[in-house]
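Structural overview
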Amino acid sequence: MTQILRNENLRNVAIIAHVDHGKTTLVDGLFRQSGLFRSDQKVEERLMDNMELERERGITIAAKNCSVKWKGVRINIIDTPGHADFGGEVERALSMADGAILLVDASEGPLPQTRFVLKKALAAGLKILVVINKIDRKDARPYAVLDEIYDLLIDLGANDEQLEFPLLYAIGRDGIAQKTLEEKGENLHILLDTILQEIPGPSYTANAPFQMLVSDLGYSDYMGRLAIGKIFNGAARSRDSLVCLGENGKAIDLKVSKLQTYEGINLIDANDVNAGDIIVLAGIENVKIGDTICNQEAPRPLPRISVDKPTVSMKFSINDSPLGGREGKYVQLTRIRERLIKETLLNVAIEVEENGKQEGILVKGRGEFQLAILVETMRREGYEFSVGRPEVIFRHENGRKTEPIEKLMVDCEEQFMGLVTEKLSLRKGRMTNLINNGMGRVHIEFSVPTRSLIGYRDEFLTDTRGTGIMNSLFDGYEPFRGECPSRFTGSIVADRTGHAVPYALFNLEPRGRLFITPGEPVYEGMIIGEHNRSQDIDVNATKEKKLTNMRAAGKDDNVLLSPIKPMTLEQTISFIREDELVEVTPRSIRMRKGVLSAQKRHLVRSAKIKKLTQEK
């Protein structure tokens, strides 16, 4: 008879929450209070956000491991991203956990990404510990939020055991947790004690051979490829001979050159590891996320990590503009391809598809934000390339065209409700719920095609004067809802090469919103502004004023131009149309037409109109 045991010296816990509900700050508090640092030691805030982009944006992008020791028990903590676009990170992080801390803001309550990560945790059968955070906020409503958490769990099909969750209240920033709202907490000791009491130790089968599921990958200049994951059964020692079972079931021999475990945010060497440990193993090159590393005598694969399929694609190509190749370190398509393939090895939610030609590479992901983060990361690494507009991935089921649909939740002031509803209805959105609590703000839920939300976020912020909050969550595929406009404005396109002149820009300002400042280089086909009307216009941004002898020298030099707000990478990706590209370099972000020549664009447009006329 198979005997199931538990390793009571370990706890593997994932922290799941919506973006900005305080996961990483709470982990900082656990580090300080578990004795990991000296009382006088100076420590940076948000220690787990070690990527430059994470610190800048204040969000978690990649799932990370760390550990703390409490009462002789090692607690492995997995900090997960809160954004649905990084769902692949959440899924592989949960594969290492036996329980989850669901962190919810005491004011905002469960938001769409809370629903996403909680659904994954329930599906994995994890024990849930609920922490209502930021109870010190002036607008905190902990009792109402608790009711919303129950409603969410019931909606997600939680069983009776999962509904009987342990509950704590916290102020993560101050390092305080408490059992009730009335008592005054002093530290996070009660949270650490609750983890030991409520989260079960990792289970394993007695006398079973070694099995480890690869949930993450790393790389070391000294040790090569690193496999990171949880040991499900058995034990291993350094220098052991094991095998890696890939997707096709083929076994690859490996010799463990080094074993490491987590202590705080650092890795320490280990001579032997046991069931339940989250380890870093060196000694194999050809390993992928989802592979099983196991004993040579009894190679048994574990179920692979399954992730939701991508819903959005974006085309990457070389930068062939007149300004191309001047600012980037890596500009060749082969180098760009190598970097993208490397990304697929580390990120299970990214897929790369090639057409065999030298035209470009199609990259598929969960959302435009995930792809924008990839583009920004590559840009900072010295890559120079062009990307097209994000496009949704359609499916054909039973002869019908289907498209990805988002569940959109909007919180805005009551006065903007009509405008927001009108704009979303034009984009084939359908209102599914409206809550007006009479406090001046409304909560509206919509069912909207994913393609309609590409480029809408900036428009939404403008319409609500920066006071609106918008969150979306993938809600499956539905029949195609018909064509809808992506942008109601055209582009102002430069018609020649040169440098922008103040006089020319001053005269172009009435035509729309400009993106460039005087002195910037321009070329034919470069987008320099947004036209007020729906059609594109070609303009001369290098035109200088004709000189005459009828005025004093310098009289017209003091042209006053409206200030230009530089567009971010996400804004440019959302702004461009299907026939436009974003030119990305380590120092610049420009927008351009796919076909630079105005004459060629005119011929393409004429051919398109002629074809449509013939079809009618």
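Here's what I pulled together on the structure shown here. Values in this document were obtained by computation on a predicted structure and should not be read as measured data. (Residues numbered from 1 in each chain as written. Predicted model: local features only at pLDDT ≥ 70, side-chain atom pairs only at ≥ 80, totals over all residues. Heavy atoms only, no water.)

Moving on, we come to the overall build of the protein chain. When its secondary structure is counted, the protein chain shows 15 helices and 37 strands. A buried classification covers 52% of the 616 residues belonging to the protein chain. For the protein chain, the share of sequence-separated contacts (at least 6 apart) that also reach a separation of at least 24 residues comes to 71%. Per element, the accessible surface of the protein chain, about 29800 Å² overall, is 48% carbon and sulfur. (Helix = DSSP H or I, 4+ residues; strand = E, 2+ residues; numbered from the N terminus. Buried < 20%, exposed > 50% of the residue type's maximum accessible area, 1.4 Å probe, protein only. Contact = heavy atoms within 4.5 Å. Areas by Shrake-Rupley, 256 points an atom, 1.4 Å probe, with all protein chains shown as cover.)

Attention shifts here to the nonpolar core. Ile16, Leu102, Leu118, Ile128, Ile132, Ile149 and Leu153 are the most contacted members of the largest nonpolar core, which has 41 residues in total. When residues no more than four places from it in sequence are discounted, the contact partners of Leu118 are Ile16, Leu102, Ile128, Leu152, Leu153 and Leu156. Listed in part, the 28 residues of the second largest apolar core include Ile350, Leu371, Leu374 and Val584. (Core = buried A, V, L, I, M, F, W, Y, C linked by side-chain atoms within 4.5 Å.)

So, about the packing of aromatic side chains. We describe a pair of aromatic rings using the distance from one ring centre to the other and the angle between the two ring planes. In total, this model carries six aromatic pairs according to the counting rule given. Consider the rings of Phe394 and Phe480, whose centres lie 5.6 Å apart with planes at 80 degrees: the pair is edge-to-face. With Phe394 in the loop between strand E24 (391-392) and strand E25 (395-397) and Phe480 in the loop between strand E29 (469-479) and strand E30 (490-494), the pair connects residues that are 86 residues apart, well separated along the chain. According to the relative accessible area criterion, Phe394 is partly exposed, its value standing at 32%. (Phe/Tyr/Trp six-rings, centres within 6.5 Å; stacked < 30°, edge-to-face > 60°.)

Let's shift gears to the sheet that holds strand E13 (residues 241-245). The eight strands lie next to each other as E14-E13-E19-E10-E11-E18-E15-E16, forming an open sheet whose pairing is antiparallel. Looking at which strands have only one partner, the edges of the open sheet turn out to be strand E14 (251-255) and strand E16 (266-269). Between one strand axis and the next, the sheet turns through 40 degrees on average, direction left out of account. Both strand E10 (residues 211-220) and strand E19 (residues 292-295) contribute to a ladder of three bridges, which runs antiparallel. Along E19, the bridge assignment pairs Met212 with Ile293. (Pairing = 2+ DSSP bridges. Axes fitted to C-alpha atoms, helices over the stretch in contact; angles between N-to-C directions.)

Turning our eyes to something else, we now look at the packing of helix H10 (residues 417-426) against helix H12 (residues 456-463). Between H10 and H12, the least distance of the axes is 10 Å, while the angle of their chain directions is 155 degrees. Classified by the angle between their axes, H10 and H12 sit roughly antiparallel to one another. Two packed elements cross with a definite hand, and for H10 against H12 that hand is right-handed. Mapping the contact onto sequence places Leu419, Val420, Lys423 and Leu424 in H10 and Tyr456, Glu459, Phe460 and Asp463 in H12. Grouping the constituent residues of the contact of H10 with H12 by class yields five nonpolar, no polar and three charged. (Parallel < 35°, antiparallel > 145°, perpendicular 65-115°, else oblique. Left-handed = near helix turned anticlockwise from the far one by under 90°. Nonpolar A, V, L, I, M, F, W, Y, C, P; charged D, E, K, R; others polar.)

With that out of the way, let us pick up unusual backbone geometry. In this structure, Lys71 takes a positive phi of about 55 degrees despite not being glycine. Looking at where Lys71 falls in the secondary structure, it is placed in the loop between strand E3 (64-70) and strand E4 (73-79). A relative accessible area of 61% places Lys71 in the exposed class.

What follows is about the pattern of salt bridges. What the rule picks out here adds up to 36 salt bridges. The closest approach of N and O atoms between Asp277 and Arg74, which form a salt bridge, is 3.9 Å. On the criterion of sequence distance, the pair formed by Asp277 in the loop between strand E17 (272-273) and strand E18 (278-282) and Arg74 in strand E4 is long-range, its members being 203 residues apart. An identical accessibility class is assigned to Asp277 and Arg74; each is buried. Taking the shortest distance from any N to any O, the salt bridge between Asp174 and Arg173 comes out at 3.8 Å. Judged by relative accessible area, which is 65%, Arg173 ranks as exposed. Three or more residues joined by partner-sharing salt bridges are found here, namely Asp536, Arg577, Asp579, Glu580 and Lys593. (Salt bridge = Lys/Arg side-chain N within 4 Å of Asp/Glu carboxyl O.)

Where H12 is concerned, the buried positions are Tyr456, Phe460 and Asp463. Down the axis of H12, the buried side of the element spans an arc of 65 degrees, and every buried residue falls inside it. Contacts made by the buried residues of H12 are with strand E26 (400-413), H10, helix H11 (450-453) and E29. Taken from the residues just after H12, Arg465 is the one with a positive phi, measuring 55 degrees. (Arc of directions from axis to C-beta.)

A separate point is the packing of helix H8 (residues 333-346) against helix H9 (residues 368-380). One way to put it is that H8 packs onto H9 with a least axis distance of 12 Å and a crossing angle of 125 degrees. Classified by the angle their axes make, H8 and H9 are oblique. The crossing of H8 and H9 is right-handed. Between H8, through Ile336, Arg339, Leu340 and Glu343, and H9, the contact on the second element is made entirely by Leu374, Thr377 and Met378. Of the residues belonging to the contact of H8 with H9, the class tally is four nonpolar, one polar and two charged.

Its place among the elements puts Thr402 in strand E26. Other than its neighbours up to four places away in sequence, Thr402 contacts Phe394, Arg395, His396, Glu397, Tyr477, Glu478, Pro479 and Phe480.

Further remarks concern H10. Residues of H10 that are buried: Val420, Lys423 and Leu424. Take H10 and look down its axis: the buried residues cluster within an arc of 95 degrees, on one side only. Residues of H10 that are buried sit in contact with E26, strand E28 (441-449), H11 and H12.

A separate point is the pairing of strand E36 (residues 580-584). Burial of E36 is extensive: five of the five residues sit out of reach of the surface. Residues Glu580, Val582 and Val584 of E36 are buried on one face, and the alternating residues Leu581 and Glu583, pointing to the opposite face, are buried as well. Alignment of strand E23 (residues 385-388) against E36, held across four bridges, turns out to be antiparallel. Across the sheet, Gly388 pairs through a bridge with Leu581, a residue of E36. Pairing of E36 with strand E37 (residues 589-593), which is carried by five bridges, proceeds in the antiparallel orientation. Residue pairing for E37: Val582 is matched across the bridge by Met591.

As paired strands, strand E27 (residues 430-436) and E28 are joined by six bridges and run antiparallel to one another. Residue pairing across strands places Asn436 opposite Val442, the latter belonging to E28.

Tracing the backbone through its elements, the reader meets Tyr222 in the loop between E10 and strand E11 (224-233). In the structure, Tyr222 is positioned 60 residues away from Ala282 in sequence and 10.0 Å away in space, judged by C-alpha atoms.

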